[in-house]
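# Summary of structural features
Below are the chains, spelled out letter by letter.
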Amino acid sequence: MPESIRDQVLRLLMDNPNTSISGSELASKLHVTRSAVWKAVEGLRKDGFPIEAVTNRGYRLAGESGKISEGGIRAVLQSLSHSIKKENEFWIGWDIQVLDSAVSTNSLAKQEAQKGAEHGKVIIAREQLGGRGRSGRTFFSPRDTGLYLSVILRPEYSLEDSFRLTAWAALCVAKAIEHTAQAPEGTVQIKWINDLFLDGKKVCGILTEASMDLEMRKLEYAVIGVGLNLSTPAKDFPLELQDKAISLEDALGKKIPPNSLIAAILMEMEDSLAEIPEPGWMEDYRRRSFLTGKEIEILRDGQWRRCSVLDIGMDGKLEVEYLDGTRERLVSGEIRYFEQSF
């Protein structure tokens, strides 16, 4: 999909931070009229991008918009692809769609995947009216204070490799948060298998849904949903979540630009998708484990059983020991944890 004039103007301004570029120079670089540049700048301002006009010097981008937009995401992606990797044989070519509102981005993405949507389709909403988590739970998704996105992937993976997708996605988002916030590696912890934690509270959940070809024993498509509390004030969380959830900005004490974070998530996925069958990345996932050394309860046959978390294996299975001394390695399961460690 070719870039619009507005997206090209934004990219040039983002590639030259704190530098003024004249309207005539922008027009010359893009082979358009100065009037077209002016209209593009006005459109970007309406989208919330703080573009300053300096007399006799030109336009300057004073910061990033706090509003999610396709152009903003693409501009950051373009910048990241130049600075991180000029050529990537696993490049995905993201097809990004930003919606004002959606019932659920994962539900929409599944519908699109079933209709044949291609590898790399991304659906983002500024709010969700019926956001979904694991086991049919709802995900609190207020307008303009979170990231709600779903990615359609069609990698050529076996069923066995496909089981690692949720853990891989959680690691990608954790690393993208640290990159965007310039936080130390390991700042973001992972609660097996799919939740991200900061300061002991949940900041993000990952929901992976997939269609499998059982006869061929391979993945047809996967939809990876990311729901992240970006700037939701603590008082705005439902009462039952206020002691369990936190926003990224409250946890880190700084504003996180949403377009940069979304672009970083997509780049992490693009750069590491081919590595899923290789177990080496699991070491990073295991180091971030929020549960290792903690007591938890696991829902088994309708009853909660208490156990201690020993480790997470390189295959992603949770290794636990029950009160009677028996041990088990879990592929998945419903769990809840306690503050004390064993």
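This text goes with the structure placed above it.
Please read these numbers as outputs of a predicted model, since none were measured by experiment.

Now for empty space enclosed by the protein. Using the criterion set out here, one finds 1 cavity of 30 Å³ or more in the structure. Considering only enclosed or pocket space, the largest cavity measures out at about 50 Å³ in volume. As for the largest cavity, its lining consists of G66, K67, I68, D144, T145, G146, L230 and P258. The residue makeup of the lining of the largest cavity, split by class, is 3 nonpolar, 3 polar and 2 charged.

Moving on to the nonpolar core. Counting residues in each nonpolar core, the largest one holds 71 residues, and the members touching the most others are W168, L196 and L261. In contact with L196, other than residues within four places in its own chain, are A170, V173, A174, I177, V188, Q189, I190, K201, K202, V203 and C204. Listed in part, the 17 residues of the second largest apolar core include A27, L30, F49 and L61.

Moving on, we come to the packing of aromatic side chains. To describe a pair of aromatic rings, you give the distance between the ring centres and the angle between the ring planes. Taken as a whole, this structure holds 2 aromatic pairs when the rule is applied. When the ring of F140 is compared with that of F237, the centres are 5.8 Å apart and the planes differ by 50 degrees; the resulting orientation is tilted. Of this pair, F140 sits in the loop between β4 (121–125) and β5 (146–153) while F237 sits in the loop between β9 (218–229) and α8 (248–252); the two residues are 97 residues apart in sequence, bridging distant segments of the chain. Overall, the relative accessible area of 27% leaves F140 in the partly exposed class. Residues F197 and F290 carry aromatic rings whose centres are separated by 4.4 Å and whose planes lie at 35 degrees to one another, so their mutual orientation is tilted. Placement of F197 in strand β7 (residues 195–198) and of F290 in the loop between α10 (282–287) and β10 (294–300) is noted, with a sequence separation of 93 residues between them. In terms of burial, F197 and F290 fall into one category: buried.

Another aspect to go through is unusual backbone geometry. Cis rather than trans, the peptide bond between W192 and I193 has omega equal to 5 degrees. Of note, I193 is situated in the loop between β6 (189–191) and β7. Of note in this structure, H31 is not a glycine but carries a positive phi near 60 degrees. Note on placement: H31 falls in the loop between α2 (23–30) and α3 (34–46). Judged by relative accessible area, H31 falls into the exposed class, the value being 74%. Unusually for a residue other than glycine, N56 sits at a positive phi of about 65 degrees. Its place among the elements puts N56 in the loop between β1 (51–54) and β2 (58–61). You can call N56 exposed: its relative accessible area is 81%.

Our focus in this paragraph is the pairing of strand β13 (residues 327–330). Two faces, one strand: in a regular strand the side chains alternate between the faces of the sheet. Examined bridge by bridge, strand β12 (residues 318–322) and β13 share 4 bridges and lie antiparallel to one another. Considered in β13, the bridge of E319 is made with R329.

Our next topic: the environment of A174. Here A174 lies in helix α7 (residues 165–181). Once residues lying within four places of it in the same chain are set aside, the contact partners of A174 are V188, L196 and R288.

All right, on to the packing of helix α1 (residues 5–15) against α3 then. For the pair α1 and α3, interaxial distance at closest approach is 9 Å and the crossing angle is 80 degrees. When the axis of α1 is compared with that of α3, the two are roughly perpendicular. Across the interface between the two elements, I5, R6, V9 and L10 of α1 pack against A36, A40, V41, G43 and L44 of α3. In terms of residue class, the contact of α1 with α3 is made up of 7 nonpolar, 1 polar and 1 charged.

Here we come to the layout of surface pockets. When its volume is computed, the second largest pocket comes out at roughly 490 Å³. Around the second largest pocket, the lining is made up of 20 residues, and of these M14, E64, V76, P257 and S260 lie nearest the centre. Of all the elements in the fold, those that place two or more residues in the lining of the second largest pocket are α4 (70–84), α7 and α9 (258–272). In terms of residue class, the lining of the second largest pocket is built from 10 nonpolar, 7 polar and 3 charged.

The rules behind each value
Residues numbered from 1 in each chain as written. Predicted model: local features only at pLDDT ≥ 70, side-chain atom pairs only at ≥ 80, totals over all residues. Heavy atoms only, no water. 1 Å grid on protein atoms, 1.4 Å probe; cavity = no way out; pocket = protein on both sides within 12 Å on 5 of 7 lines; lining within 4 Å. Points joined across faces, edges and corners; volume = space filled by probe spheres on them. Nonpolar A, V, L, I, M, F, W, Y, C, P; charged D, E, K, R; others polar. Core = buried A, V, L, I, M, F, W, Y, C linked by side-chain atoms within 4.5 Å. Buried < 20%, exposed > 50% of the residue type's maximum accessible area, 1.4 Å probe, protein only. Contact = heavy atoms within 4.5 Å. Phe/Tyr/Trp six-rings, centres within 6.5 Å; stacked < 30°, edge-to-face > 60°. Helix = DSSP H or I, 4+ residues; strand = E, 2+ residues; numbered from the N terminus. Pairing = 2+ DSSP bridges. Axes fitted to C-alpha atoms, helices over the stretch in contact; angles between N-to-C directions. Parallel < 35°, antiparallel > 145°, perpendicular 65-115°, else oblique.

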